[in-house]
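Descriptive structure summary
The lines below spell out each chain.
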Amino acid sequence: MLFKKIKLNNFGRYYGHNTIDVTVTPDRNVILVKGNNDRGKSTFFHAIRFALYGENGLPVINGQREKVQRWINYQRAAESDDEMYVSILFEHEGYEYNVKRSIKFRKSEKGKTISVKGEPRLKVTSNGSIPNPDDLWLDAQLPYDVSQFFFFDGEDIQSYVQHEKPAVKKAIRKVLGMLELDNAAEDLENLSDKLGAERLKRIRESRKYQRALNKLSNDRKNLEEIQNYIKDQEIIRNGAEREKEDCRKMLERYNTITEMVRKRSQLEQGCQNLEIEIKENTGSLNKMRGNLGFILMSELLRIITSSSYTPHAKIESEIAKRIIDNKMEMCICDRPIDDHVRSILYEKKSSFSKEFEVEELARRLYSLKPDEKWSTLKSELDKKYRLEQEIDTIKSKIKDTSEKIHQNKHDDIEKLEKRRDDAIGHIREAELVIERLSNQGKKLEAQIKSDNEKLTANTTDVNIKSIEDRQKKCAIISACMKDAADLYYKKVKSSLEEMVSDAFTRLTNNPDLYRGICFSDDFGIKIVRDDNTMLPSRMYSPSAGASQIVAISLIAGLNRFTTRDAPVVADTPAGRLDPTHRERTAKFYSGIGKQVIILYQPSELTSSDIENIRYNIASEWEVSSVGEHPDRSCFIEKVRNV
Amino acid sequence: MIENRPAHTIRTIIPNVYDKLVTEEELFLKKHHLFVAGLVYGMLYDKQYQKPPNSQYTDIVKLGAVGDKLTNEIINLVFAILDDRKGQSQTWSVMLRMADWGVSSLDDIYERHNNFTIPALVKVAQQRWPKRIKDLGLLSYHEP
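Description of the structure in this document.

Reading the values: the criteria
Residues numbered from 1 in each chain as written. Chains lettered and ligands numbered in written order. Predicted model: local features only at pLDDT ≥ 70, side-chain atom pairs only at ≥ 80, totals over all residues. Heavy atoms only, no water. Pairing = 2+ DSSP bridges. Helix = DSSP H or I, 4+ residues; strand = E, 2+ residues; numbered from the N terminus. Axes fitted to C-alpha atoms, helices over the stretch in contact; angles between N-to-C directions. Contact = heavy atoms within 4.5 Å. Salt bridge = Lys/Arg side-chain N within 4 Å of Asp/Glu carboxyl O. Buried < 20%, exposed > 50% of the residue type's maximum accessible area, 1.4 Å probe, protein only. Buried area = accessible area lost by both parts, 1.4 Å probe. Polar contact = N/O pair within 3.5 Å; in protein donor to acceptor, adjacent residues only side chain to side chain. Expected span 1.5 Å × (residues − 1).

Residues and elements named next belong to chain A. The strand order across the open sheet formed by six strands is β9-β13-β14-β3-β15-β16, and the pairing between neighbours is mixed. Each edge of the sheet is formed by a strand with only one pairing partner; in this case those strands are β9 (151-153) and β16 (633-640). Ignoring which end each strand starts from, the neighbouring axes of this sheet average 15° apart. Pairing geometry for β9 and strand β13 (residues 568-571), over three bridges, is parallel. Looking across to β13, one finds that F152 is bridged to A570. Its contacts with the sheet put helix α1 (residues 41-53) on β3 (30-34), β9, β13, β14 (596-600) and β16, and the angle it makes with β9 is roughly 150°.

Okay, here's the thing in structure tokens:
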């Protein structure tokens, strides 16, 4: 990986587009970027790290990683919405790649936190193929952990050796290519731990299994008890149902009887009414029976009044009456009236008188209309017969009803109702109990079924044994991996020590005092004195500069050792070195990588230092501020040899 | 016509029957109503109650005291029919016996049927009168 162009847009102090061409050749592999303090060298350094590692590449201040908003150009943000990005064009394994990491921001008042839209976005374009996702691919090219040996701040690197940082040790292992083995061993250990946990879990499950078996047995007993109890309750309920039904029938019969009694009352009322009517009818009949004689002689009267006595007899009688009354001597037929004739005349006269009287009396009586009286009487008699029949019928019905009522004697209704209500209460209670128990039973049954299935499917013992076997295998393989890693480390350690020692003896002011640098088994760095005594690097010297020498040696050794072609970007390379060390370091830097970008301040490298590496310089740049504006840094190319 | 009508008294030999049918059973409002019914019934059958020896008549009411016009008219008609102009007392005695026979017969019917069976009586009367009217000497009358 060799950088060709780096473009900063609204990143930190860099307002708008600022591009720096960092192309190198095998002969001219050094890029010098000069800048006074607070001009933007470190900003450029962090821009590279941001482009490659996103926010992880931003510096850590007081233990906290800085937010991307902090690195947006304030001037630009004060003017309008825009985009901040850093793009790096680089060449890698014959292909060109362009890495662009960007984030859009909103116009913000100066001095206030800048508002951004979402998270920083990474876009990798290439004329070759790029496997996705981009972040992983990019990390694979130059892992973040390793990057600290390629992109470093000269003022910070002494901490690599002053403190035995695990991250540094890890990075060293990674550079050596041991991390894969470590990872594999770690994965196996993790797997072993997981298997151990699984084993413990299974053992606990096994105990649980036994407990579950016991529980299942108890549950089955409980279920049986519940089912028996349900049966008992069903018997109680059925008994109560029968009792309720009996009561219902009796009450129904009672209702029938009540209905019959009501009907009988109605009949009795009807009977009473009829009796009143009969009484009235009897009174009426008693009156009308007074006409009985009259009615009986009705036919006689009809015959008398509808007949007429003989006119001849009447004439004879009239004539006889006149002859007698006038004391006539001679009859109208000129016959002398003797005693014989006189007696005949008297008889004629008498006969007429009686019949006339009877007729008159009969006529008067008949005018009183015996037929009408008979009709009235007959009507009342008919009524009487009808009433008598009706009352007989009603009485018969009353008698029948009374007999039925008598036959259907019933228990006391209140007792019946109480019995029925009690039965209903028992039914309800039993049904509630049955329902509750049924639910319990169903749940228990389901639980038993589930537990049974679980228990049947459980092959805990076999699993535990299998897990134990696997765990043992993991431990063996892991141990083998570690052994392999140790073997590998022992194999490569001497080469690495040689390279680091070489760098160290070239950089130190007193090469005669030291033999070099060696590594302990746990990657602790030790300084080897001439008398073969070994000092841990942290005890080598309290001086930051001395530590920086060891750190640079380590970086150089690792860079040489690794097969990775990555640029070295050194910010403040001389740091706290004395002039002698600075001179050595300047020379040394040009040889530690295929591309070395040195971000220095004028006091760090003298012209003679630069002159010493003149033929290695590809281009020289200066970081400046337009009008000394704090947010207007830019790159100015001073020298270009490529 | 009964000429000394007010002096005549409705009497009976069977007062107990009157008491039973009128006073106790209340089948007639007044005793003279039962008397008239018995009279007509007796005349219809031309029967007279045979007075037992030592039996006494019991007065019911004097004719003059009967305010019922119909009763009087019937008694007058029966009297006119039965009267043979030989003596009113004799005719009245016949009427009393006929009435007792009739009352006694009605009582028998009532005893037997708990009823006077009036429709049957009327029917019998309708059948008997045409023949009976001839027996009574009312020969001038005939069916139209």
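Residues and elements named next belong to chain A. Across all of its chains, the model carries 40 salt bridges over all chains by this definition. Across the pair E79 and R76 runs a salt bridge whose closest N-O atoms are separated by 2.8 Å. Of the two residues, E79 and R76 both sit in helix α2 (residues 74-79), three residues apart, roughly one turn of that helix. Across the pair K384 and E388 runs a salt bridge, and its minimum N-O distance is 3.5 Å. Highlighted residues: K384 and E388, both in helix α12 (residues 370-407), separated by four residues, approximately one helical turn. We classify E388 as partly exposed; its relative accessible area is 30%.

With 38 residues of chain A in contact, the opposing surface of chain B contributes 39 residues. Carbon and sulfur atoms supply 69% of the area that chain A and chain B bury against each other, a total of about 3,700 Å² over both sides. In this structure, the connection of chain A to chain B is made through one salt bridge. Between E73(B) and R364(A) there is a salt bridge, with its nearest N and O atoms 3.1 Å apart. Run the count over chain A and chain B and you get four residue pairs in polar contact (both at pLDDT 80 or more). Residue assignment for the side of chain A that touches chain B shows that the elements contributing at least two residues are α7 (179-288), α8 (292-296), α9 (298-306), α11 (339-366) and α12 of chain A.

Moving on: the sheet that holds strand β2 (residues 17-21) of chain A. Residues and elements named next belong to chain A. Ordered by their spatial adjacency, five strands build an open sheet running β2-β1-β6-β7-β8, and the pairing between neighbours is antiparallel. Each end of this open sheet is capped by a strand with a single partner; those strands are β2 and β8 (116-126). Ignoring which end each strand starts from, the neighbouring axes of this sheet average 10° apart. Relative to β2, strand β1 (residues 2-9) runs antiparallel, the two sharing five bridges. The residue bridging K5 from the neighbouring strand is D21, located in β2.

Our focus in this paragraph is helix α2 (residues 31-45) of chain B. For α2(B), spanning 15 residues, the distance from its first C-alpha to its last is 21 Å, which sits close to the expected 21 Å at 1.5 Å a residue. Two residues or fewer past α2(B), D46(B) is found with a positive phi of approximately 55°.

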